[in-house]
Amino acid sequence: MNVNDIVQERIEQARRKTAAKKRAREELAEARNSGLEARHTAKVRRWAKDQP
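Residues numbered from 1 in each chain as written. Predicted model: local features only at pLDDT ≥ 70, side-chain atom pairs only at ≥ 80, totals over all residues. Heavy atoms only, no water.

Asker: Sorry, what's going on with the pattern of salt bridges here?
Answerer: It is possible for side chains of opposite charge to pair when their charged atoms get near one another. One pass over the full model with this rule turns up two salt bridges. Linking arginine 15 and glutamate 12 is a salt bridge whose minimum nitrogen-to-oxygen distance equals 3.9 Å. A residue pair is termed a helical-turn pair when its members lie 3 or 4 positions apart in one helix, as arginine 15 and glutamate 12 do in helix α1 (residues 3-50) at three residues. Residue arginine 15 is classed as exposed on the basis of its relative accessible area, which comes to 54%. Its relative accessible area of 34% is what places glutamate 12 among the partly exposed residues. Two residues, glutamate 12 and arginine 16, come together in a salt bridge whose shortest N-O distance is 3.7 Å. Of this pair, glutamate 12 and arginine 16 both sit in helix α1, four residues apart, roughly one helical turn. Through salt bridges with shared partners, a single ionic network connects Glu12, Arg15 and Arg16. (Salt bridge = Lys/Arg side-chain N within 4 Å of Asp/Glu carboxyl O. Helix = DSSP H or I, 4+ residues; strand = E, 2+ residues; numbered from the N terminus. Buried < 20%, exposed > 50% of the residue type's maximum accessible area, 1.4 Å probe, protein only.)

Remember that the coordinates give geometry; whether it matters functionally is a separate question.
Structure representation (structure tokens):
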């Protein structure tokens, strides 16, 4: 294995790590947004129920 192979391997590892972090951020954002939507829906239902 020469130096170029080692460098290419490290670059690929960094790409995979970056992609995994991006995927995790996207999943967390999706979960957060769905949670916000659910809380907003519940709030609107409570508000509508309390209105005369």
